[in-house]
Amino acid sequence: KASTAAAASATRRRGSAGGTDAYGSSVPASPRASGGSELGASLESLQDLIHDSPALVLASMPGSPDQFLQTPRAAELPLVLNICRMWLDAGLSDKDWSDALSSFERELNNQPGVHKAHGP
């Protein structure tokens, strides 16, 4: 677990300057690091990522962002990869992640016109 914490810390340090994160993935420079001049490009990149990615399904979300980033599967799901990376960069825990997924599921089930799926 100590190496995981160190890797997450290294990711946070490098994330603001751009380069490569602890998982070997390319990390764009933070808009704040460049005085916001890249904000438009960052928003456009995010929009492209959302548009080009398959729809997020709660059942496909990983149980732990840190563990997900350490799998080869992470590169296959760039939107989930970025969500997990941002989660860790914000210093949030696996418990926070689990709580957020539970809240998200409750909100989805409380949407007007949404019928709960019946399980076995």
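Reading guide: rules and limits
- Residues numbered from 1 in each chain as written.
- Predicted model: local features only at pLDDT ≥ 70, side-chain atom pairs only at ≥ 80, totals over all residues.
- Heavy atoms only, no water.
- Helix = DSSP H or I, 4+ residues; strand = E, 2+ residues; numbered from the N terminus.
- Contact = heavy atoms within 4.5 Å.
- Areas by Shrake-Rupley, 256 points an atom, 1.4 Å probe, with all protein chains shown as cover.
- Buried < 20%, exposed > 50% of the residue type's maximum accessible area, 1.4 Å probe, protein only.
- Expected span 1.5 Å × (residues − 1).
- Core = buried A, V, L, I, M, F, W, Y, C linked by side-chain atoms within 4.5 Å.
- Salt bridge = Lys/Arg side-chain N within 4 Å of Asp/Glu carboxyl O.

**Student:** Lay out the overall build of the chain with the relevant residues and their values.
**Tutor:** Within the chain, the regular secondary structure consists of five helices and two strands. Reading the chain from its N terminus to its C terminus gives the helix and strand order α-β-β-α-α-α-α. Contacts in the chain between residues at least 24 apart in sequence constitute 39% of all its contacts with a sequence separation of at least 6. Carbon and sulfur atoms form 57% of the exposed surface of the chain, whose accessible area is close to 8100 Å².

**Student:** With reference to specific residues and values, describe the side chain of serine 53.
**Tutor:** Summarising the element assignment, serine 53 is placed in the loop between α2 (39–52) and α3 (65–69). Its relative accessible area of 13% is what places serine 53 among the buried residues. The contact partners of serine 53, leaving out residues within four places of it in the chain, are Pro78 and Leu79.

**Student:** How would you summarise helix α4 (residues 78–89) if you had to cite specific residues and measurements?
**Tutor:** The terminal C-alpha atoms of α4 lie 16 Å apart, and with twelve residues this matches the ideal 16 Å at 1.5 Å per residue to within 8%. Restricting attention to buried positions, one finds in α4 the residues Leu79, Val80, Leu81, Cys84, Arg85, Trp87 and Leu88.

**Student:** So, the nonpolar core: which residues are in play, and what are the values?
**Tutor:** Judged by nonpolar contacts, Met61, Phe68, Leu69, Ala74, Val80, Leu81, Cys84, Trp87, Leu88, Trp97 and Leu101 together constitute the single largest core of eleven residues. Elements represented by at least two residues in this core include exactly α3, α4 and α5 (94–109). Counting residues per element, this core draws most heavily on α4, at five residues.

**Student:** Which residues make up the pattern of salt bridges, and what values do they have?
**Tutor:** For the coordinates displayed, the defined rule picks out one salt bridge. Of the charged contacts, one joins lysine 95 and aspartate 99 as a salt bridge, the two residues approaching to 3.1 Å between their closest N and O atoms. Here lysine 95 and its partner aspartate 99 are both found in helix α5, four residues apart, which amounts to about one turn of the helix. On the basis of relative accessibility, which here comes to 55%, the residue lysine 95 falls in the exposed class. Residue aspartate 99 is classed as partly exposed on the basis of its relative accessible area, which comes to 35%.

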